[in-house]
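# Observations on chain architecture
Spelled out, the chains give:
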Amino acid sequence: MSELTFELNEEQQLLREEVRRFAVERIRPGTAERDKNHEFPKDIIAEMAEMGLLGMMVPEAYDGAEMDVLTYAIAVEELATVCPSVAVTMSVTNSVCCWPIQEFGSDEVKEAVLPELAAGGAIGGFGLTEPGSGSDAGSMKTVARLEGDEWVIDGEKAWITNGAYGKYFVVLARTSPGKGTQGISAIVVPSDAPGFRVGGSEEKMGLKASNTTALYFDSCRVPASYLLGEEGKGFRIAMATLDHSRVGIAAQSVGIHQRALELAVSYAKERVQFGVPIAKHQAIQFKIASMATELAAARTLTYYAASRGHSPEAGRLASQAKLYASEAANRACWEALQIHGGNGFCEDYEIARLYRDVRITTIYEGTSEMQRMVIARHLTR
Amino acid sequence: MYIQLNDEQKMLRDEVRRFADEVVKPIAKETDEKGIFPTDVIRQAGEMGLTGVAVPEEWGGAGMDVISYCIVVEEISRVCGSTGVILSVNNSLVCDPIMKFGNDEQKELFLKPLAAGEKLGCFALTEPGAGSDAAALRTTARRDGDDYVLNGNKVFITNGTHADVAIVFASVDLALGHKGITAFLVPAEIDGYSHGIHEYKLGVNGSGTTELAFEDMRIPAAFRLGEEGEGFKVAMSTLDGGRIGIASQAVGIAQGAFEEAVQYAKEREQFGKPISSFQAIQHYLADMSTELDAARLLTWKAAWTKMNRKRFTLEAAQAKLYSSEMAQRVTNLAVQIHGGYGYIREYNVERYFRDARITEIYEGTSEIQKMVIANWVLNQG
Ligand SMILES: Cc1cc2nc3c(=O)[nH]c(=O)nc-3n(C[C@H](O)[C@H](O)[C@H](O)COP(=O)(O)OP(=O)(O)OC[C@H]3O[C@@H](n4cnc5c(N)ncnc54)[C@H](O)[C@@H]3O)c2cc1C
Ligand SMILES: Cc1cc2nc3c(=O)[nH]c(=O)nc-3n(C[C@H](O)[C@H](O)[C@H](O)COP(=O)(O)OP(=O)(O)OC[C@H]3O[C@@H](n4cnc5c(N)ncnc54)[C@H](O)[C@@H]3O)c2cc1C
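Residues numbered from 1 in each chain as written. Chains lettered and ligands numbered in written order. Predicted model: local features only at pLDDT ≥ 70, side-chain atom pairs only at ≥ 80, totals over all residues. Heavy atoms only, no water.

### Considering the overall build of chain A
Helix and strand counts for chain A come out as ten helices and ten strands. The C-alpha radius of gyration of chain A comes to 21 Å, within 12% of the 21 Å expected for a compact globule of 381 residues. With respect to the principal axes defined by its C-alpha atoms, chain A has extents near 80 × 50 × 40 Å. Residue burial in chain A is summarised as follows: out of 381 residues, 60% are buried. Here the contacts in chain A between residues at least 6 apart in sequence split such that 73% fall between residues at least 24 apart. (Helix = DSSP H or I, 4+ residues; strand = E, 2+ residues; numbered from the N terminus. Rg over C-alpha atoms; globule rule 2.2 N^0.38 Å. Buried < 20%, exposed > 50% of the residue type's maximum accessible area, 1.4 Å probe, protein only. Contact = heavy atoms within 4.5 Å.)

Spelled out as structure tokens, the structure:
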């Protein structure tokens, strides 16, 4: 029996170093510019595909890196310290696109799409949300019907990360009207499927170098074998996928939090007021102590959830990690900006971008309120 | 990263939980209300090995690890915060420094009976004029031949009313500041030693807090713990370990309150349904469980770091700061969930709420923890 340890294993430590080096050398130099220009980091994503960062948990049989959830979370964290936009582009491909396909897909669909996603440079997306159906995902209106050996999909999805650049999307649609969440199915839709169209890119507050669009399905046709799991099981697949992927958003939040702390510390040591660096003022010190303590709590919760991915409590642990880490990261960015004073409000300083970027973390992949509902359900049943 | 208890730790947890529920809990209310020191409970705890959990068996202890020690303090505090701190002090503020700084004769004479629960110890650092600023203590120790003669007063000493042995901090030369501070092992029956009656407190009211007075108290030089002038180091390094105990106490108190809150929320009906069906109550419970998990993980992380690394000052301070602040929030919400009944002495949450308050004050206030953490992050990180 293993003994309790808080240490990362060698593979995890090596991967952390590798991703950190890549992020600092290749991603950081252009982060601010891409944010300003709303520019999607195509070249960087291509390099990440070569490094195996887009199919981290995909089995080797499908050209993936077959790593565990914790290793994946560490990669997301390191990317997010440097560029949260790159981190979400990568995490969506790994955990809400590859993962449900590898877990629930037919051999045919796995062979058709996983190697391309894992190692071929393609990225993916996940289409759950609709204009009228956000937190209440079960109320979706997109429909799909089987015609011969094809699914025919009609409807629209909103705010889909990687929308304009994704090659494959896991799309949720109603296949048996009148059966509520039991009538929803998950289907893989390639972007070149007939009847598939991408909307314009959204103008967002943050994550500007990530791509978010609507998806339109107009009698969009895909092979019958592109159904994930069974007909009617899509809602459960979506929820299982989110249970799994929330660890990624928790890790993204931890990365942002880490960076906010670093920026706050270096600014506080340099900025002089009343004749001393502001780091000498106790109020500033205490903000830094709180940020560091909450970071330790968030990171530990996140790694714990990631390392317990197969336990019966996995869903609750992932929700706890996502809830806590995202809210703590928001507080940390708020305090770090405060420590920067007026400079923090100017886009010349990195904290201004982080402050915008971090805001999404308590919203997507289930708002904080939804996480609390998930956790409470576990507690009161 | 592998965070699960091993079989031995799980067995210990089950055993201590049974003892807590069957023996400690039934008298917890009276212990608090009347301020009765739970002598009989502590005797039984000693027989179970709970008074020297991490002390090696050859020195009278149970020979377990620091995580096991956390489990003991948490499980006991889950039903009685007073008993929790009594054990925490004996284990980590008394046995620990003798183990670390004592010589074999001192271990034979003092550690063995203290670890085995035949004697009870206390830790006497605080003075009327020296709280957070412990180095400002005024108790003096004058060398006189083979003895030291101690004069001075200590306040707020846990276990003070019942201790057989006190670790006393005194200065051999006040002009040297903290470099003059020296630690002594003092048998309570020695001439010149006296203690007051117990302080009537807001919480942990059964923990025998009192003042100590030393009047021309003659101590053999052989009872000096560590070197002359080494006392401040003894005190600070001991408190690093003690903070893991107080963090565990805070987790235990919060866990007790949380369990009562979950049960009450399921039973109490208003507006025709259990209050647990109301979203506000559900979200309180979700936040409570999330913070509890975070605090327990930080505490175990500090314990693990103590076992595996040289320095654990940062981890212990973060665990103590976070857990104690968490305990305020969790016990507060537990009272809120109980409504008016939460304010009534018949219900346990009222006691938990009061007991939690001290965890942010002793063994270094939250402000002192933040100073430690900020110093680490700003200057050593
Ligand atoms: C940048 C970005 C990227 C995204 N990427 C994707 C993607 O790749 N794929 C995808 O499918 N979706 C994606 N989304 C959508 C995202 O998951 C939704 O925005 C999110 O689920 C919330 O839904 P909503 O915006 O409709 O808010 P609403 O559901 O309308 O919620 C509004 C508010 O009401 C609260 N609320 C709602 N219901 C309840 C309730 N029962 N009890 C208490 N409070 C409640 C919410 O918590 C929130 O505070 C993305 C969104 C953004 C902004
Ligand atoms: C029930 C109980 C049990 C105890 N058990 C023991 C024991 O067994 N042994 C023992 O030696 N002591 C014990 N103590 C003492 C305890 O450790 C002290 O109360 C504690 O260290 C705080 O000291 P103080 O009460 O003098 O407060 P002060 O030091 O006077 O602090 C008052 C306030 O000022 C803040 N403050 C002080 N200095 C600073 C600073 N530099 N910057 C910012 N804020 C500051 C504090 O955080 C606090 O909020 C116990 C106390 C209690 C109440």
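### Details of the overall build of chain B
Within chain B, the regular secondary structure consists of ten helices and ten strands. Scaling as 2.2 N^0.38, a compact globule of 381 residues should have a C-alpha radius of gyration of about 21 Å, and chain B matches this with 21 Å. Overall, the C-alpha framework of chain B stretches about 80 × 45 × 40 Å when taken along its three principal axes. Of all 381 residues assigned to chain B, the portion counted as buried reaches 61%. Contacts in chain B between residues at least 24 apart in sequence constitute 75% of all its contacts with a sequence separation of at least 6.

### Quick word on the site of ligand 2
Near ligand 2, the surroundings consist of 18 residues, among which Phe-123, Thr-126, Ser-132, Phe-156 and Thr-365 of chain B are the closest. Among the chains of the assembly, those with residues near ligand 2 are chains A and B. A distance of 2.7 Å separates a nitrogen atom of ligand 2 from a polar side-chain atom of Gln-282 of chain A. Contact between ligand 2 and Thr-158 of chain B: a nitrogen atom at 2.8 Å from a side-chain N or O atom of the residue. (Near = heavy atom within 4 Å. Polar contact = N/O pair within 3.5 Å; in protein donor to acceptor, adjacent residues only side chain to side chain.)

### Some details on the domain arrangement of chain A
Residue and element names in this part refer to chain A. Each assigned domain of chain A is listed here: domain 1 (10-119), domain 2 (124-232) and domain 3 (236-380). The centre of domain 1, based on its C-alpha atoms, is set 22 Å off from the matching centre of domain 2. Across the boundary between the two partners, domain 1 contributes 26 residues, which contact 20 residues of domain 2. Both sides of the domain 1 and domain 2 interface together cover about 2,100 Å² of buried area, and 67% of this is carbon and sulfur. Area buried by domain 1 at its contact with domain 2 is led by His-38, Phe-40 and Ser-85, which between them contribute 24% of it. At the boundary of domain 1 and domain 2, one finds one salt bridge. In this structure, the salt-bridge partner of Glu-116 is Lys-167, at a minimum N-O distance of 2.5 Å. Elements with a minimum of two residues in the side of domain 1 that touches domain 2: helix 1 (10-37), helix 4 (84-104) and helix 5 (107-119). Here the side of domain 1 that touches domain 2 takes eleven residues from helix 4, the largest share from any one element. (Domains from an automatic or database assignment. Buried area = accessible area lost by both parts, 1.4 Å probe. Salt bridge = Lys/Arg side-chain N within 4 Å of Asp/Glu carboxyl O.)

### Section: the interface of chain B and chain A
With 39 residues of chain B at the interface, the matching set in chain A holds 44 residues. Carbon and sulfur atoms supply 69% of the area that chain B and chain A bury against each other, a total of about 4,000 Å² over both sides. When the buried area of chain B at its contact with chain A is split by residue, Met-1, Tyr-2 and Leu-378 of chain B rank highest and sum to 21% of it. Taken together, the links from chain B to chain A amount to three salt bridges. Arg-316 of chain A is the salt-bridge partner of Asp-293 of chain B, the closest N and O atoms lying 3.3 Å from each other. Counting every contact that joins chain B to chain A gives ten residue pairs in polar contact (both at pLDDT 80 or more). Considering each element in turn, the side of chain B that touches chain A owes the most residues, 15 residues, to helix 7 (residues 279-308) of chain B.

### With respect to the packing of helix 3 (residues 69-82) of chain A against helix 6 (residues 234-270) of chain A
Packed helix pairs are characterised by how far apart their axes lie and by the angle those axes make with each other. Residue and element names in this part refer to chain A. Interaxial distance between helix 3 and helix 6 falls to 7 Å at its minimum, and their mutual angle equals 35 degrees. Helix 6 is crossed by helix 3, and the crossing has right-handed handedness. Note on element contacts: helix 6 touches helix 3 through His-244, Val-247, Gly-248, Ala-251, Gln-252, Val-254, Gly-255, Ile-256, Gln-258 and Arg-259, opposite Val-69, Tyr-72, Ala-73, Val-76, Glu-77, Ala-80 and Thr-81. For the contact of helix 3 with helix 6, the per-class residue count stands at nine nonpolar, six polar and two charged. (Axes fitted to C-alpha atoms, helices over the stretch in contact; angles between N-to-C directions. Left-handed = near helix turned anticlockwise from the far one by under 90°. Nonpolar A, V, L, I, M, F, W, Y, C, P; charged D, E, K, R; others polar.)

### Points about unusual backbone geometry
All names here are of chain A. With a phi close to 50 degrees, Glu-66 is a non-glycine residue in the positive phi region. Take Glu-66: it is sitting in the loop between helix 2 (42-51) and helix 3. We note that Trp-159 has phi near 60 degrees; this positive angle belongs to a residue other than glycine. Summarising the element assignment, Trp-159 is placed in strand 3 (residues 150-161).

### Things to note about the site of ligand 1
The full set close to ligand 1 counts 18 residues, and Thr-129, Ser-135, Thr-161 and Thr-367 of chain A together with Gln-279 of chain B are the nearest of them. In this structure ligand 1 sits where residues from chains A and B come together. Phe-126 of chain A has a polar backbone atom sitting 2.8 Å from a nitrogen atom of ligand 1. One of the side-chain nitrogen or oxygen atoms of Ser-135 of chain A is found 2.6 Å away from an oxygen atom of ligand 1. With the chains in place, 67% of the 970 Å² that ligand 1 exposes on its own is no longer accessible. Mapped by element, the contributors of at least two residues to the shell around ligand 1 are strand 3 and helix 10 (368-380) of chain A. (Areas by Shrake-Rupley, 256 points an atom, 1.4 Å probe, with all protein chains shown as cover.)

### Regarding the confidence of the model for chain B
Predicted confidence across chain B gives a mean pLDDT of 97, with 100% of residues reaching 70 or more. For this predicted complex, the interface confidence comes out at an ipTM of 0.91, alongside a pTM of 0.95. (pLDDT = per-residue confidence, 0-100.)

### Overview of the domain arrangement of chain B
Residue and element names in this part refer to chain B. As far as domains go, chain B holds domain 1 (7-119), domain 2 (122-229) and domain 3 (232-379). Look at where the C-alpha atoms of domain 1 and domain 3 centre, and you get two points 20 Å apart. Taken together, the contacts link 27 residues of domain 1 with 36 residues of domain 3. Summed over both sides, the interface between domain 1 and domain 3 buries roughly 2,400 Å², with carbon and sulfur atoms accounting for 57% of that surface. Run the count over domain 1 and domain 3 and you get five salt bridges. With a shortest N-O distance of 2.9 Å, Arg-296 and Glu-74 are connected by a salt bridge. Inspection of the region where domain 1 meets domain 3 yields twelve residue pairs in polar contact (both at pLDDT 80 or more). Elements with a contribution of two residues or more to the side of domain 1 that touches domain 3: helix 1 (7-34), helix 3 (66-77) and helix 4 (81-101).

### What about the packing of aromatic side chains?
If you walk through the whole model with that rule in mind, you get 14 aromatic pairs over all chains. For the pair Phe-6 of chain A and Trp-304 of chain B, a centre-to-centre distance of 6.0 Å together with 55 degrees between the ring planes defines the contact as tilted. Remark: Trp-304 of chain B occurs in helix 7 and Phe-6 of chain A occurs in the segment before helix 1; the pair is interchain, linking two chains. Of the two residues, Phe-6 of chain A and Trp-304 of chain B, both sit in the buried class. Between Phe-110 of chain B and Phe-223 of chain B the ring centres are 5.0 Å apart and the planes differ by 85 degrees, which places this aromatic pair in the edge-to-face class. Of this pair, Phe-110 of chain B sits in helix 5 (residues 104-116) while Phe-223 of chain B sits in the loop between strand 7 (210-220) and strand 8 (224-225), placing them 113 residues apart in sequence. (Phe/Tyr/Trp six-rings, centres within 6.5 Å; stacked < 30°, edge-to-face > 60°.)

### Regarding the environment of Pro-29 of chain A
If you trace the backbone, Pro-29 of chain A turns up in helix 1. As a C-alpha pair, Pro-29 of chain A and Trp-159 of chain A span 130 residues in sequence and 28 Å in three-dimensional space.

### Focus on the pattern of salt bridges
What the rule picks out here adds up to 49 salt bridges over all chains. Salt-bridge contacts for Glu-327 of chain A lead to Arg-372 of chain A; the nearest nitrogen and oxygen are separated by 3.0 Å. Residue Glu-327 of chain A is located in helix 8 (residues 314-340), and its partner Arg-372 of chain A is located in helix 10; the two are separated by 45 residues in the primary sequence. On the basis of relative accessibility, which here comes to 22%, the residue Glu-327 of chain A falls in the partly exposed class. Measuring nitrogen to oxygen at the nearest pair gives 3.1 Å for the salt bridge that ties Arg-78 of chain B to Glu-259 of chain B. Taken together, the residues Arg-78 of chain B in the loop between helix 3 and helix 4 and Glu-259 of chain B in helix 6 (residues 231-267) connect sequence positions 181 residues apart. Looking at Arg-78 of chain B, the relative accessible area reads 9%, which means it is buried.

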